[in-house]
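# Chain and residue survey
Here is how the chains run, residue by residue.
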Amino acid sequence: RLAHQYHLEDFASQTTPINYRENLFYLHLLESALDASAISLPDSIRAADIGPSHWFYVQALAALLRWWRTPQPREIDLQGYEIDPYRVYADLHSRYDHALGHMRGLPGVTYIPRGFSAQPDTFHLIFMLFPFVFSKDHLEWGLPGSLFQPRALLQAAWQSLQPGGLLVIVNQGEAEHTAQRALLESEGI
């Protein structure tokens, strides 16, 4: 159903089975989030993804934005903001390199090699998929401690939503969810 509804047939034949399954997982997850919301998406949409790493799931995210609850494709402007884009993997390619490969052939998609900052009233949707909630995790991923600013990042995202926009946050496990919820409440979100 997902492959057909979101027009991922070509993608299925152009990627690895593992990457295809991961994209379907993210698509199902994000579709469920949008289905649970009251959002109505316009014909042309602007969205941000904060911290996409090497953006292995960008095909699913773009397909969701383009085809969710519409028979005609939307025009999308999807921006991925990565604060650590030049980390080099074992294959000697950076996150940035991998992201460019994953987004190949996707119109309206841009990988921005810097951290996210507030852009008031700009986006219909902002995604924060598995953000660092605990400094221990942030440090274990090799990021400098000075970059761990979850309150400031959350406020920047919240300020950047257009009226009626939606902030989608996905956490890992109950402890992260509880900490994220407390952070949202303390920030009045």
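The coordinates are above.
Here's a quick rundown of the structure. (Residues numbered from 1 in each chain as written. Predicted model: local features only at pLDDT ≥ 70, side-chain atom pairs only at ≥ 80, totals over all residues. Heavy atoms only, no water.)

Along the chain, the position of Pro42 falls in the loop between helix 3 (17-36) and strand 1 (44-50). As for Pro42 and Glu75, which are separated by 33 residues in sequence, their C-alpha atoms are 9.2 Å apart. Apart from the residues within four sequence positions on either side, Pro42 is in contact with Arg74 and His124. (Helix = DSSP H or I, 4+ residues; strand = E, 2+ residues; numbered from the N terminus. Contact = heavy atoms within 4.5 Å.)

Another aspect to go through is the sheet that holds strand 5 (residues 161-170). With parallel pairing, the five strands of this open sheet are ordered in space as 3-2-1-4-5. One side of each edge strand has no neighbouring strand; the edge strands of this open sheet are strand 3 (109-112) and strand 5. Across the sheet, the axes of successive neighbouring strands diverge by a mean angle of 15°, strand direction being ignored. (Pairing = 2+ DSSP bridges. Axes fitted to C-alpha atoms, helices over the stretch in contact; angles between N-to-C directions.)

This next bit is on the pairing of strand 3. For strand 2 (residues 75-81) and strand 3, the ladder comprises four bridges, and the chain directions are parallel. Bridge pairing in strand 3 links Gln79 to Thr110. As for the winding sense of the linkage, the β-α-β connection from strand 2 through helix 5 (residues 95-102) to strand 3 is right-handed. (Right-handed = clockwise from strand over helix to strand, strands pointing away.)

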